[in-house]
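Listed below, chain by chain, are the residues.
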Amino acid sequence: MTSLDTAPAHRGAPARASLAWRAAEAARMGWLEYRALETPAGLLGATLPRGVLQILFFTTLTGVLAGPGQREYAFAGSLVLVLSGTNVNGVVAVPVLDKQYATFARVRTGALSPTITQIARVLPYPVMGWGLLVVQGAIAAPLVGMTDFALRLLPWAWVYALIALTLSVLGLAGATMTVGKRADVVAPNVLSYLVMLCSGALVPPGRVGWVDAIGQVLPGRHGLDAVRAGMDGRPWLGDLGLEVAAGLGFTVLAALSILVQARRASRHGHDDFE
Amino acid sequence: MSGALWMFVTAFRMEQRAMQRNPLLLVNSGMLPAVFLVIAVETGRPEPDGAAELIVAVMLTALWGSTVWMSGGVLRRERSFGTLARCVSGVWSPYLVLLGKSLGATVTSVGAILVSTGVTAAALGLPLSVSHPVWIAVSLMVLVCSGTALGALVSCLFLVTRNGLVWSHALMYPVFAVGGLLIPPHALPAWLRWAPDLLSLHWIKDCLIDGATGGVTVAPLGVAALLTLAYFSAAGFAYRRSVERSRKEGTLDLA
């Protein structure tokens, strides 16, 4: 709990409402918010084709710039860039909607910790982002003549699910750290471009020192290394562990940021972040 | 100064001021060209004679991204701020306000993109040369006009949807992929090689490369100018029709 003005248990809640039940309700609310923002028309007419076009663009561009040999490298990497769009940029909606509709007071005074509430509300983004990614990859692969490669990549789709989670907490951390400073639009976009540049999705590691250094701490890079190592028959568990560590690191950052935000709001008596 | 011109200039200056405080300027006109240029160069470093083409292609790609979000968002922002109804009920044509604002956004974007691309290219050690400064200046003027027209056209699209932000994301990559900017037309599938010809930015790319490398051919600039006029006409028609429909249905701010 982060404030003294915590609400009593809701009448509608089961008598012995567990933490899991409350978190599940928060996730259900997140799903309703997601559906309100991502209408079926927007999802099928804009978000889905955008991902397909991103894969086509980055794979073809890399083939033009670095030769056809690099297209497989770029195809695997472009999937992370698609996830970055749906997750790093997508989850911004959670804190930003609270800011727009002045609902953060409800979140911070609830019986459930605001950190858990916000993380639960974010969950639809990685789940839907990963589901969309599978469809987008399946559509894009034959269009760039890489169906065989996509089928070889398929057993590693679960690593992309992990990357979807880690990128979502990156987006949440970025948005919550900046929501009070009117930079909540810029921060996720900046993070998204940093992922594009530093995750090794397109630029192979070892080319630019500072790009590699940033990539080491950002989600996406190690997960992608794990996929590539696994497909080449090299050890991949270490890279996977580093991806989990990066995700946990940004989860802690997001939690701290929500905690600071809630404490500040409680102390000042308002949730006006403008 | 006549009333119409005064209104146009005021709209231009107002949008420029608003743009200077818009964080998306930093993202779309600052970061996007820098990141794309670093990726393009470090993925496959170009030959010295191919550097100009790469820099110009990145610049124009960034301009399209910026057009979608900045000048293309003019009417979306008018609707969000509740000022659209005031615009379309003024004495002068609301299209003048749209064009003035679109021009203001495009000029600011082009300036930011030129700075960002130039600084990044210099940091990457890419050779920067200008063989025909006058030709480059003329091409940039056509580029600004074309960006203004494209921005007005995209802006009108957002009048007919409530999901403007979602569609903004989706509009970027079709042009990135098949606009003939970073990916040359010969790398596209045969059935798509006509697509870049419909985009003025593709023709302006040839003009700017000519200005940087030496040869000057007028034809691409002429095609770009004609396409720009077509975009202006289409935007004017679309805006008039959208406003008429919204007036009839009484949904101007909720269209």
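Everything numeric in this text was worked out from a predicted model, so none of it was measured.

Caption draft 1: Up close: the overall build of chain B. A count of helical and extended segments in chain B gives 10 helices and 0 strands. Overall, chain B shows an N-to-C arrangement of helices and strands of α-α-α-α-α-α-α-α-α-α. Taken over the C-alpha trace, chain B has a radius of gyration of 18 Å; the compact-globule value for 255 residues is 18 Å, and the two agree within 12%. When the backbone C-alpha atoms are referred to their principal axes, chain B occupies close to 60 × 45 × 35 Å. The buried share among the 255 residues of chain B stands at 52%. Long-range pairs, those at least 24 residues apart, make up 82% of the contacts in chain B between residues at least 6 apart in sequence.

Caption draft 2: Region of the structure containing the overall build of chain A. Counting its secondary structure elements, chain A contains 13 helices and 0 strands. For chain A, the sequential pattern of α-helices and β-strands runs α-α-α-α-α-α-α-α-α-α-α-α-α. Seen along its three principal axes, the alpha-carbon backbone of chain A occupies a region of about 60 × 40 × 35 Å. Evaluated residue by residue, chain A yields a buried proportion of 51% over its 274 residues. In chain A, of all internal contacts separated by at least 6 residues, the share reaching a separation of at least 24 is 76%.

Caption draft 3: Structural detail: the environment of Tyr193(A). In this fold, Tyr193(A) is placed in helix H10 (residues 186–198). Look at Tyr193(A) and you get buried, because 20 C-beta atoms sit within 10 Å. Apart from residues no more than four positions distant in its own chain, Tyr193(A) is found in contact with Met31(B) and Val35(B).

Caption draft 4: Broad picture of the UniProt feature "transmembrane region" (unreviewed entry) in chain B. Residues and elements named next belong to chain B. Residues annotated by UniProt as "transmembrane region" (unreviewed entry) correspond here to residues 23–42, 54–75, 95–128, 134–159, 171–192 and 212–239. Here residues 23–42 is 100% helix and 0% strand, with 27 Å between the C-alpha atoms at its ends. From the first C-alpha to the last, residues 212–239 spans 37 Å; its make-up is 82% helix and 0% strand.

Caption draft 5: Quick look at the interface of chain A and chain B. Contact residues are listed per partner, giving 28 residues for chain A and 25 residues for chain B. When residues of the side of chain A that touches chain B are traced back to their parent elements, those giving at least two are helix H2 (40–66) and H10 of chain A. Classifying every residue of the side of chain A that touches chain B gives 19 nonpolar, 7 polar and 2 charged.

Caption draft 6: Spatial organisation of the packing of helix H9 (residues 157–178) of chain A against helix H13 (residues 237–268) of chain A. All names here are of chain A. Interaxial distance between H9 and H13 falls to 8 Å at its minimum, and their mutual angle equals 25°. Regarding the angle of H9 to H13, the classification is roughly parallel. The handedness of the crossing between H9 and H13 comes out as left-handed. Note on element contacts: H13 touches H9 through Leu 240, Glu 243, Ala 246, Gly 247, Phe 250, Thr 251, Leu 253, Ala 254, Ser 257, Ile 258 and Gln 261, opposite Val 159, Leu 162, Ile 163, Leu 165, Thr 166, Val 169, Leu 170, Leu 172, Ala 173, Thr 176 and Met 177. Tallied by class, the residues present in the contact of H9 with H13 amount to 15 nonpolar, 6 polar and 1 charged.

Caption draft 7: Focus on the environment of Leu181(B). All names here are of chain B. By the element assignment, Leu 181 lies in the loop between helix H8 (164–178) and helix H9 (200–213). Sequence spacing of Leu 181 and Trp 203 is 22 residues, and the spatial spacing of their C-alpha atoms is 9.4 Å. With sequence-adjacent residues up to four places away left out, Leu 181 is seen in contact with Ala 57, Leu 60, Thr 61, Leu 201, His 202 and Lys 205.

Caption draft 8: Inspection of the nonpolar core at higher detail. Counting 163 residues, the largest nonpolar core has Val35(B) and Val58(B) as the members making the most contacts within it. In terms of residue count, the dominant contributor to this core is helix H3 (residues 51–69) of chain B (14 residues).

Caption draft 9: Here's a closer look at the confidence of the model for chain B. All names here are of chain B. For chain B, per-residue confidence averages 87 on the pLDDT scale, and residues scoring 70 or more make up 96% of the total. Averaged pLDDT values over the elements of chain B bottom out at 81 in helix H5 (residues 84–88) and peak at 93 in helix H6 (residues 94–123). For this predicted complex, the interface confidence reaches an ipTM of 0.89, while the overall pTM sits at 0.89.

Caption draft 10: Broad picture of unusual backbone geometry. Residue and element names in this part refer to chain A. Phi is positive for Ala 102, close to 55°, though the residue is something other than glycine. Here Ala 102 shows up in the loop between helix H4 (93–101) and helix H5 (104–108). You can call Ala 102 exposed: it has 12 C-beta atoms within 10 Å.

Caption draft 11: Highlighting helix H1 (residues 3–20) of chain B. Residue and element names in this part refer to chain B. With 18 residues, H1 extends 26 Å from end C-alpha to end C-alpha; this agrees with the ideal 26 Å at 1.5 Å per step. Three or more residues of H1 are buried, namely Phe 8, Ala 11, Phe 12, Glu 15 and Met 19. Seen from one end, H1 has its buried residues packed into an arc of 100°, which puts them on one side. Away from its buried face, by an angle of more than 90 degrees, H1 presents the exposed residues Gly 3, Trp 6, Arg 17 and Gln 20.

Caption draft 12: Summary view of the packing of helix H7 (residues 133–157) of chain B against H9(B). Residue and element names in this part refer to chain B. Put simply, H7 and H9 touch, their axes get as near as 9 Å, and they point 165° apart. By the angle class used here, H7 and H9 are roughly antiparallel. Read as a crossing pair, H7 and H9 show a hand that is left-handed. Contacts between H7 and H9 involve Trp 135, Ile 136, Ser 139, Val 142, Leu 143 and Ser 146 on the former and, on the latter, Ser 200, Leu 201, Ile 204, Cys 207, Leu 208, Asp 210, Gly 211 and Ala 212. Per-class residue counts for the contact of H7 with H9 are 9 nonpolar, 4 polar and 1 charged.

Caption draft 13: Summary view of the environment of Ala120(A). Residue and element names in this part refer to chain A. Along the chain, Ala 120 turns up in helix H6 (residues 114–122). Separated by 91 residues in the primary sequence, Ala 120 and Met 29 place their C-alpha atoms 8.8 Å from one another. Residue contacts for Ala 120: discarding those within four places in its chain leaves Ala 23, Ala 26, Ala 27 and Gly 30.

Rules used throughout
Residues numbered from 1 in each chain as written. Chains lettered and ligands numbered in written order. Predicted model: local features only at pLDDT ≥ 70, side-chain atom pairs only at ≥ 80, totals over all residues. Helix = DSSP H or I, 4+ residues; strand = E, 2+ residues; numbered from the N terminus. Rg over C-alpha atoms; globule rule 2.2 N^0.38 Å. Buried ≥ 20, exposed ≤ 12 C-beta atoms within 10 Å, placed from the backbone. Contact = placed C-beta atoms within 7 Å. UniProt positions renumbered as here; feature names shortened; annotations may be inferred. Nonpolar A, V, L, I, M, F, W, Y, C, P; charged D, E, K, R; others polar. Axes fitted to C-alpha atoms, helices over the stretch in contact; angles between N-to-C directions. Parallel < 35°, antiparallel > 145°, perpendicular 65-115°, else oblique. Left-handed = near helix turned anticlockwise from the far one by under 90°. Core = buried A, V, L, I, M, F, W, Y, C linked by C-beta atoms within 7 Å. pLDDT = per-residue confidence, 0-100. Expected span 1.5 Å × (residues − 1). Arc of directions from axis to C-beta.

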